[in-house]
Structures are given as structure tokens and as C-alpha cells.
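Structural features, examined
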Amino acid sequence: MSIKRQEDVTPAVLEVMRRTRDPRLREIMISLVTHLHGFVRDVGLTEAEFRDATAILNEIGKLASETHNEAVLMAGSLGVSSLVCLLNNGDDGLTETSQSVLGPFWRRNSPLVANGGSIVRSDTAGPPLFVRGRVQDRSGAAIAGAEIDVWHASPIGLYENQDPEQADMNLRGKFISDDDGRFWFRSVMMVGYPIPTNGVVGRLLRAQDRHPYRPAHLHALIFKPGYKVLISQVYDPGDPNIDTDVQFGVTRALIGEFVRHDEAHPDDPEVTAPWRSLDYTYTMEPGEAVLPRPPIK
Ligand SMILES: [Fe+2]
């Protein structure tokens, strides 16, 4: 096919894409070219903008390191991570789901803690938080013996790996659900935190007058053979940024109740008020229990 005018380009490229051997890659490439060419026509992309776009993609790649992933940040900031998560869970997008995105701070070998124990491993000032979780299947039946890995930011918004003041594995721990699917532990109330803004994503946020914050959340990764690994984040509706998460990760199913208590703790007179409690039920879907690759060591 000879190309004479701009409208000849797309059919010429699609003809080549149709020769892709692998059927799934063929499907993806045909759709990608169709949408990409449509986008270029839709906005009437200028030559200068095109050169800027390629420079931006290169810059995103160069910003990748052991501790930073600009591509993941950008995918989150454009809502793509959230869309992919919701399309692939909750009966392929038909129902609500406890699944959320993994984020960049999961570490694989967090220490096992007995139910009722604390994940505060070094002096971490902040309101005490008591978490009671339950793991169930879609019928509501308890899932016993599930491994629940939890991690969260500190009361100043830093994960332990970002903060030399915190002990190794502070605010991280692994629990096993009991016969009723329950697990429980003590920690301190986390706060929301900003994503890094010193790269391409930061420039986008400033151009759109967007703040860089994620609302306060508790991460969990739940493993039990026979079920799809549940990667979850439970959000605090009292956070000022609950409706404007920069990564679009907040869904209705992931809103937790981080209840504030101003009275004395019923079981422990040492606990100073105010303290918080969170009760949350995690629902696992049947599937293969495949652990993700840890984003950091
Ligand atoms: Fe997080």
C-alpha cells in the first residue's frame, strides 16, 4: 500500500500489525495503533508536541531506579493502575472488590507476629491503632490459615524504608488468620503522604493544580493457596484527601472506619486516649495464589 496522504497512514500500519503472529499481541497492537493514531488526529498533535512527548517518555525511563518507578507513578496519576485493577477483579469488573494496587513499598520477608501483637518496632509517636480484620470468601465463609502481610506509613507519612529514624520493618508484620478468619494487631495511626514530585509526574500535577497526596491507608497482601492473592489498601474516610487521591486508588469497597475513641481502652488501661480502631473484612476471590514481585528489597 502506498501512502499518499495522512489518512493512508493508519490502514498501512494496521495491515502490518495484522501480521503479528501471537494472537494476543496482534489484538493489542491493532487496538493500540487505532487509538494512538486516533489520539494524534483528535488533538492535532504538532511536531513540537510530538518531540516533547518522546522526550518525556525517555525521561520517565531514566527516572527508574531500585527505589523509584516513575512509570508506575504516572500510570497511577492517570488512573490506569486503578482501571486495570478494577477490570481484572470483582468478577472481571462486575462487582466491587477488596483488591487495590500494590504500591511501591511492599517488602517480602516481614516478620511473623502473633495475633494481638504490635507492629511498632521502634519509638513511633502517634495515636494507638487497633486493627481487627477478617478474611472471607465470596460466600462470607471464613478463610482460616491465610497469611496477612500488612504495612503502612508512619504518623508523619513515611514508610520505614524511607526514614532512618524507624527500625527495620517498623509498621510491617505478617499474621495468620484463625479458625474464624480473624487476625488482629496493634499499631499507630498512619497519615496520608505525598508521592514524589521531582519528575515528570510532578510537572503534570503542577500543570493541573493537583496536590500530590494519597489519603491515609493500611496496605495488606493476603496469601492462601486456592485464592487469588489479595492485594488491598483500606482508606481512612476522615483524611482530607479521601476524595482526591492523586493515584485514584480509593473505591467505595476500600473505605474503612478508623473510629476515634476518646474514652479509656476497655482492655488496656495503659492506652492513652484518643486511640483508633479499624474493623475491616477482606473478601478473597478464587484463583491462583501467585505472589507479585516485590518492588523493593
Ligand atoms: Fe502506601
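Refer to the structure presented above.
Residues numbered from 1 in each chain as written. Predicted model: local features only at pLDDT ≥ 70, side-chain atom pairs only at ≥ 80, totals over all residues. Heavy atoms only, no water.

**Focus: the sheet that holds strand β1 (residues 128–136)**
Either a parallel or an antiparallel arrangement is found when strands of a sheet pair, and the pairing is made through backbone hydrogen bonds. Threshold: When DSSP finds two or more bridges between a pair of strands, those strands are recorded as paired. The numbering of helices and of strands both runs from the N terminus, where a helix is a DSSP run of H or I of at least 4 residues and a strand a run of E of at least 2. The convention used is that axes are lines fitted to C-alpha atoms, helices contributing only their stretch in contact, and that angles between N-to-C directions extend from 0 to 180 degrees.
One open sheet holds the four strands; their spatial order is β4-β1-β10-β9, and the pairing between them is mixed. Each edge of the sheet is formed by a strand with only one pairing partner; in this case those strands are β4 (182–188) and β9 (257–261). The mean angle between the axes of side-by-side strands here comes to 20°, regardless of whether they run parallel or antiparallel. Pairing of β9 with strand β10 (residues 275–283), which is carried by five bridges, proceeds in the antiparallel orientation. Looking at β10, one finds that R260 is bridged to R276.

**Some words on unusual backbone geometry**
In this structure, P274 follows A273 across a cis peptide bond, with omega equal to 0°. Of note in this structure, D91 is not a glycine but carries a positive phi near 55°. Inspection of the secondary structure assignment puts D91 in helix α6 (residues 90–93). In this structure, D92 is a non-glycine residue whose phi angle is positive, near 55°. Among the structural elements, D92 can be located in helix α6.

**Concerning the pattern of salt bridges**
Selection rule: Note on definitions: salt bridges are taken to be side-chain nitrogens of Lys or Arg within 4 Å of carboxyl oxygens of Asp or Glu. The cut-offs for exposure are 20% and 50% of the maximum accessible area for each residue type, with area from a 1.4 Å probe on protein chains only; residues under the lower value are buried, those over the upper are exposed, and the others partly exposed.
Inspection of the entire model under this criterion finds 14 salt bridges. As a salt-bridge pair, D91 and R138 come within 3.1 Å of each other at their nearest N and O atoms. Here R138 lies in the loop between β1 and β2 (147–152) and D91 lies in helix α6, a separation of 47 residues in the sequence. With relative accessibility at 39%, the residue D91 sits in the partly exposed group. With relative accessibility at 45%, the residue R138 sits in the partly exposed group.

**Structural notes on a nonpolar patch on the surface**
Rule in force here: Here the term patch refers to residues with relative accessible area over 30% and no salt bridge, with like charges joined within 9 Å and nonpolar side chains (Val, Leu, Ile, Met, Phe, Trp, Tyr) within 5 Å. The method behind every accessible area is Shrake-Rupley, applied with a 1.4 Å probe, and residues are considered shielded solely by the protein chains displayed.
On the surface, L32, L36, F39, V40 and V43 cluster together into a nonpolar patch covering about 420 Å² of accessible area. Looking at the secondary structure, you find V43 in helix α2 (residues 23–43). Judged by its relative accessible area of 45%, V43 falls in the partly exposed class.

**Examining the environment of I30**
Applied cut-off: We call two residues in contact when some of their heavy atoms are within 4.5 Å.
By secondary structure assignment, the location of I30 is in helix α2. Taking the relative accessible area as the measure of exposure, I30 reaches 24% and is therefore partly exposed. The sequence separation of I30 and R206 amounts to 176 residues, and the corresponding C-alpha distance is 34 Å. Residues contacting I30, with those up to four places away along its chain left out, are L14, M17 and R18.

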